[in-house]
Structures are given as structure tokens and as C-alpha cells.
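As a plain string of letters, each chain reads:
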Amino acid sequence: MPPRNARSAPFRAFPRCFIWLALALGAVPAAAQTLPFQRDYPGSTPFECRPFASPVVASAEARAQAGQLASTAAQAVLLGDLERADALLERATELDPASADLAYRRARVLENRGALDDATEEYCRSLALLDSGDTAEDARARLDALVAAETEQVPSQAVAAFEMGLEAADGGAMEEALEAFRVAEAEGGDWPAATYNRGVTLERLGRPAEAAQALSYYLELLPDAPDALAVSRRIGQLQSLAVTSGPSPGTALTLGILMPGLGHFYSGRTGGGLTVLTLAAGAVAAGFLMKEVDVTCLTPQQGACPPDQVVSRTTTRPYLTASLAAAAAVGIAGAIEAFVDARGRRGSDSSFPDSADDAGLVVLPGLGVRQGKVELGLLGLRFR
């Protein structure tokens, strides 16, 4: 005779197998880390020149060459060839990096060329090399004017909307944040920071194609952005997500076979999942409820056998096998339907769930820590 708990051994192993199955599915791969929001804008913080390392004092020969280049650059300025003057002064400052006069001259040329960011940098460098004097005062005045002009480039309405967008995003209200960044972008006249944050918000809302488009436009507005490489990489990832967005067909099929309707819940089709689950559960319930009782009576009786005459009582469920087969058929058919639907939506641009009214998600295994306790989540269904 087998041990009493021998039949329960497979069921004790089920949770472990289920965990490995769920982990192997890789059903909903974790989204790559999103880009951070840009929070700085002209005037958000007091302007301060970055610190400069003490330059190496050039040799007498290098200083002489730099002086000749500066003289040629001055002639180019008089002729209106600012591009050549900038190139000459750039070389001169490389030869004599400790010259405050060369840094100031190049800053003036850069300002006249409209390269305001580079001009600001050179004015800061000249001030780091100058202690006092008329040149230092003029460099400071011009630097202050450049910073003030940059601050005025962004209207106050755009700044207010930008701050509202950041506040909404920090609070998790991404739809409100998206609208605020759109207003900031419009009021700021294609303000790159607002365009960038709009793209980041779209990504966090699960709209990869629109996010990639917004971030691409950000790079058009600011091709020399300091984060251009990271943004370009993320655009490629988002474009790939846009092509493959939607529930995984294989996962929908596997989950649908694992439990009737689960593939529908995973792909965001709550109504279909409930229908399949109800039909399968109804078939199983009918098989258990429809039973036949065979009573052996001590003496033949017409009608029901009195309790004191009952010798044996045998209960059978003749339709249980058929009902289980029917439930399995409903589950398999539902899984196949979920697979076909997911495959059809795989190339769609819409993220799943499709709408807030039909949003059911499968929460796969996860490990977390809360209030000093380790929590392991196996499987759950979340509805909105």
C-alpha cells in the first residue's frame, strides 16, 4: 500500500514547477531603464562658471607663435571673416592656454558669430585667468548679458508649464505631465528641454513610437546636446519596441493552456478572459454536480430504500470525464484564440492594454522588500 501522502507529492512539487515556468516564459520583459527628465532650464539656478584647472605656462616660442596668430586673427575680424578669426584664435589659445587676453579675444569673436555657449565658456575662462582690470570688468559685463539673454529666451508661461510637468511626473500623473510639457513646448517655441521631457513622458506612458519621434525632434533642435549619444541609443530601442509592441503570442498561448482565460488576461482582454474562464469552470462544475447514486437495499423496495435497509451506497459522476474534456477544449480553444489575437497585435503601434476599460495584466514572479520583510510574489492578476 503506498504511503498516504504519495498522491499529494506531485501537487507539492507544483508551486516549484510553476515558478520556474513563469520565470522561463519571460512573458513581459522588464523595460529598459528610461531616460531621466531634464530639470534644469535657463534661470532655474544661479549661473556659475565651472572651475578651470591651472593652465600650463607656454614657452616663449609658443607665446610668440600665439601672438602672431592673434595679430592675423585681428586682421580677419576687420575683414569680416569671423570664421577664420575663430580658427586662428582657437589655435592661439592652444599654444598659450594661460593667456587671458587670447581667451577674451576669442570669446568676443564667438559672441559675434552667435556661438553663445562657447562664448560663455571663453568668457569664464578669461575671468579665471584675470584678477582685475578693464578687460576683466568688460568680460564680466558681457558674460552677465549673455546669461540674461539666455534666460529671457524661455517665456515665463513656458517655464511655469515646464515646472508643472515635472511636478506631475514626480507624482505619477503622466497624462497631466504630458499635457504640461506640450504647453511648455508650444509656449517656448520648440524648447528642446520641453520636447525631450515630452518624449520621456510618452515612453513612460507606453507609447514608444511617439516617444521616439519626440526624442528625434529633440536632437534636431539640439544636435550637439550633451546627452545626444544616450538619446540616440534610446530612440533605436524605442523604435524596436514600437515594431514589436504588444503581448507576446507565445506567452499568451502558454498562459492560456496553463489556466483557461489567462492568455486573455495577459493580453489585456479581460472580457474574453472572463468568458473563457466561466465556460471552463461551468463545464467542470456540471461534471461534479451531475452524479448518480446506486443504493443496494437489504430487501427489494418500491421507491426509496429506508435508511435502515441500506447495505451500500455508491456515487458515480458519469459525465465528469466529458466535462473535464470540455473544459480542456474550451481552455485550449481560448489559448489558441489569444495566441492569434496577440500575433495580430504584435506589430501594432498601440501598447497593451488597449484601453483603460479593458485592462487586465498578469503580474509575474517578483521579489521585493517592504518594511524589512522580503516578499515573493508568484502570480497575480491586476485589473483597472
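Preceding this paragraph is the structure being described.
First, a word on what this report is: a plain description of the structure on this page. (Residues numbered from 1 in each chain as written. Predicted model: local features only at pLDDT ≥ 70, side-chain atom pairs only at ≥ 80, totals over all residues. Heavy atoms only, no water.)

### Quick look at the state of the cysteines
Applicable threshold: Two cysteine sulfurs form a disulfide in these notes if their separation is within 2.5 Å. By the criteria applied, helices consist of DSSP H or I runs no shorter than four residues and strands consist of E runs no shorter than two, each listed in order from the N terminus.
Taken as a whole, this structure holds two disulfides when the rule is applied. Between the sulfur atoms of C49 and its disulfide mate C124 the distance is 1.9 Å. Because the sign of the S-S torsion sets the handedness, a value of about -70° for the bond joining C49 and C124 places this disulfide among the left-handed ones. In this pair, C49 is assigned in the loop between α1 (9-25) and α2 (60-78) and C124 in helix α5 (residues 116-129), connecting sequence segments 75 residues apart. Shown here is the disulfide that connects C297 with C305, its sulfur atoms set 2.1 Å apart. Between C297 and C305, the S-S torsion sits near 75°, and that sign places the bridge as right-handed. The cystine pairing of the protein chain, numbering bonded cysteines in sequence order, is 1-2, 3-4.

### Comments concerning helix α8 (residues 174-187)
The following threshold applies: By definition here, a helix of n residues has an expected span of 1.5 Å times n minus one. Between buried and exposed lies partly exposed: a residue is buried under 20% and exposed over 50% of the maximum accessible area for its type, with that area taken using a 1.4 Å probe on protein chains only. Each direction from the helix axis to a C-beta atom contributes to the arc, which is the arc of those directions.
Relative to the 20 Å expected for 14 residues at 1.5 Å per residue, α8 spans 20 Å between its end C-alpha atoms, a close match to the ideal helical length. Of all the positions in α8, only M174, A177, L178, A180, F181, A184 and E185 are classed as buried. Viewed end-on, α8 has its buried residues packed into an arc of 165°, placing them on one side of the element. Looking at α8, the residues exposed on the side facing more than 90 degrees away from the buried face are E175, E176 and A186.

### Considering the environment of V57
Looking at the element boundaries, V57 is found in the loop between α1 and α2. Remark: the alpha-carbon pair of V57 and D96, spanning 39 residues in sequence, is separated by 7.1 Å.

### Points about the side chain of E185
Test applied: Note on contacts: a residue pair qualifies if any of its non-hydrogen atoms lie within 4.5 Å across the two residues.
With respect to the helices, strands and loops of the structure, E185 is situated in helix α8. Look at E185 and you get buried, because its relative accessible area is 9%. Excluding anything up to four places from it in sequence, E185 contacts D190, W191, A194, T195, R198 and Y217.

### Section: the side chain of E203
Looking at the secondary structure, you find E203 in helix α9 (residues 192-204). Here E203 falls in the buried class, since its relative accessible area comes to 9%. If we ignore the near neighbours within four places in the chain, the residues touching E203 are T34, L35, A211, R234 and L238.

### A look at the nonpolar core
Quick note on the threshold: As used in this record, nonpolar core signifies buried Ala, Val, Leu, Ile, Met, Phe, Trp, Tyr and Cys residues forming a set joined through side-chain atoms within 4.5 Å.
If you look at the biggest cluster of nonpolar residues, it comprises 33 residues, and the most contacted ones within it are F162, W191, Y196, L215 and V231. For this core, the elements supplying multiple residues, two or more each, are α7 (156-170), α8, α9, α10 (208-221) and α11 (228-244). No other element matches the seven residues that α7 contributes to this core. When neighbours within four sequence positions are excluded, L215 is seen to be in contact with L35, Y196, G199, V200, V231, I235 and L238. Membership of the second largest hydrophobic core comes to 12 residues, among which are A107, A119, L146 and V147.

### So, α2
Turn by turn, an α-helix covers 3.6 residues, leaving residues three or four places apart pointing in a common direction. With 19 residues, α2 ought to run about 27 Å at 1.5 Å a step, and its terminal C-alpha atoms sit 27 Å apart, in line with that. Each element contacted by the buried residues of α2 is listed here: α3 (82-95) and α4 (100-113). G80 sits one or two positions beyond α2 and adopts a positive phi of about 85°.

These results come straight from atomic positions and should not be treated as a statement about function.
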